[in-house]
Amino acid sequence: MSEQGGRVGRVERTTRESSIVVEIDLDGTGRTEIATGVPFFDHMLTAFGQHGAFDLTVRATGDVEIEAHHTVEDTAIVLGQALGKALGDKRGIRRFGQCSIPMDETLAEAVVDVSGRPYCVHTGEPDVMIGYVVVGHDSAPYGTVLNRHVFETLASHARIALHVRVHYGRDPHHITEAEYKAVARALRAAVEPDPRISGIPSTKGAL
C-alpha cells in the first residue's frame, strides 16, 4: 500500500461462507496482491487494480469447494465497502468517469457517477455468458454469469451509479476482461482529484 496515507479503505468481513480482507488506496500506482482461491477472479481483480491505478490487496478464503459464487460475491461486497470508505466525503473529486475498452473483437464501456446513490445497469452481454465457465487447471471455476452480480454488488456497497455496456463481443474471456478494465478506468477518472474543485461536486453540498 502507499506510504503517503490519504484515501485508503480497509474492510474485513467474515461469515460462515467466507473470510475477506480488502485494502484499497485510490492514490496508488496499480500494485496488487490478490488471492481469492478463484484464479480467473484473481486475474480480473489484478486488472482492476492495475488499470484503476489503485494499490489493491485482496485476501479471501471461502467455500470454493462448493463453487466460486459465495467468495466472489462476498469479495465484491467488501471491495465496494472499502472503495466507499476510501472516498470519504468525496471532496475535490471529478465525480464522473467514462471509459470504453476494446479487447480484440470486444468493445465494453463503463460510466460511473460517484453519487452516493447506488444503482447498476448492466447490458449487452451475449447469451453465451449465462452458461460459460472459465476453468483453470485443478482450480475453482468462474462462471461469467457472475459478472453482472459483481458489478451490481460493487455499486451497491460503494454507493455509486455504475452503467456497464457490452457493445459487441464473442469471446467470454475478452468480454469479461474488457468489462473489468472499463469499470476500473471509469472509476479511476471519477475518483481522481479535480484541481479546479475544492469542495464537494454536487449542488446538494453532499454526495
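Since we're looking at a predicted model, the values are computed, not measured. (Residues numbered from 1 in each chain as written. Predicted model: local features only at pLDDT ≥ 70, side-chain atom pairs only at ≥ 80, totals over all residues. Heavy atoms only, no water.)

Asker: In this structure, what is going on with the packing of helix H4 (residues 146-158) against helix H5 (residues 172-191)? I would like to understand it.
Answerer: Between two packed helices, what matters for the description is the angle formed by their axes and the separation of those axes. Axis separation between H4 and H5 bottoms out at 11 Å; the angle between their running directions is 15 degrees. In terms of orientation, H4 lies roughly parallel with respect to H5. Our pair here, H4 against H5, has a crossing hand that is right-handed. Where H4 abuts H5, its residues Asn147, Val150, Phe151 and Leu154 lie against Thr176, Glu179, Tyr180 and Val183. (Axes fitted to C-alpha atoms, helices over the stretch in contact; angles between N-to-C directions. Helix = DSSP H or I, 4+ residues; strand = E, 2+ residues; numbered from the N terminus. Parallel < 35°, antiparallel > 145°, perpendicular 65-115°, else oblique. Left-handed = near helix turned anticlockwise from the far one by under 90°. Contact = heavy atoms within 4.5 Å.)

Asker: Help me understand the side chain of aspartate 74 in this model?
Answerer: Within the secondary structure layout, aspartate 74 lies in helix H2 (residues 69-87). The class of aspartate 74 is buried, set by a relative accessible area of 4%. Look past the residues within four positions of aspartate 74 in its chain and what remains in contact with it is Arg13, Thr15, Glu17, Ser18 and Ile20. (Buried < 20%, exposed > 50% of the residue type's maximum accessible area, 1.4 Å probe, protein only.)

Asker: So what exactly am I meant to see when it comes to the sheet that holds strand S4 (residues 55-62) here?
Answerer: Sheet strands pair via backbone hydrogen bonds, and the direction of the pair is either parallel or antiparallel. Spatially, 4 strands are ordered S1-S2-S4-S3 in an open sheet, and the strand pairing comes out mixed. Each edge of the open sheet carries a strand with a single partner, namely strand S1 (8-14) and strand S3 (32-35). For this sheet, the mean angle separating the axes of adjacent strands, direction not counted, is 5 degrees. Where S1 meets strand S2 (residues 18-25), 7 bridges bridge the pair, whose relative direction is antiparallel. The residue bridging glutamate 12 from the neighbouring strand is valine 21, located in S2. In the packing of helix H1 (residues 39-52) onto the sheet, the strands contacted are S3 and S4, and the crossing angle to S3 comes to about 160 degrees. (Pairing = 2+ DSSP bridges.)

Asker: Just checking my understanding: could you explain the packing of H2 against H4 for this structure?
Answerer: At their nearest, the axes of H2 and H4 sit 7 Å apart, and the two run at 30 degrees to each other. Taken as axis vectors, H2 and H4 run roughly parallel relative to one another. Every pair of crossing elements has a handedness; the one defined by H2 and H4 is right-handed. Judged by residue contacts, His69, Val72, Glu73, Ala76, Ile77, Leu79, Gly80, Gln81, Leu83 and Gly84 of H2 engage Leu146, His149, Val150, Thr153, Leu154, His157 and Ala158 from H4.

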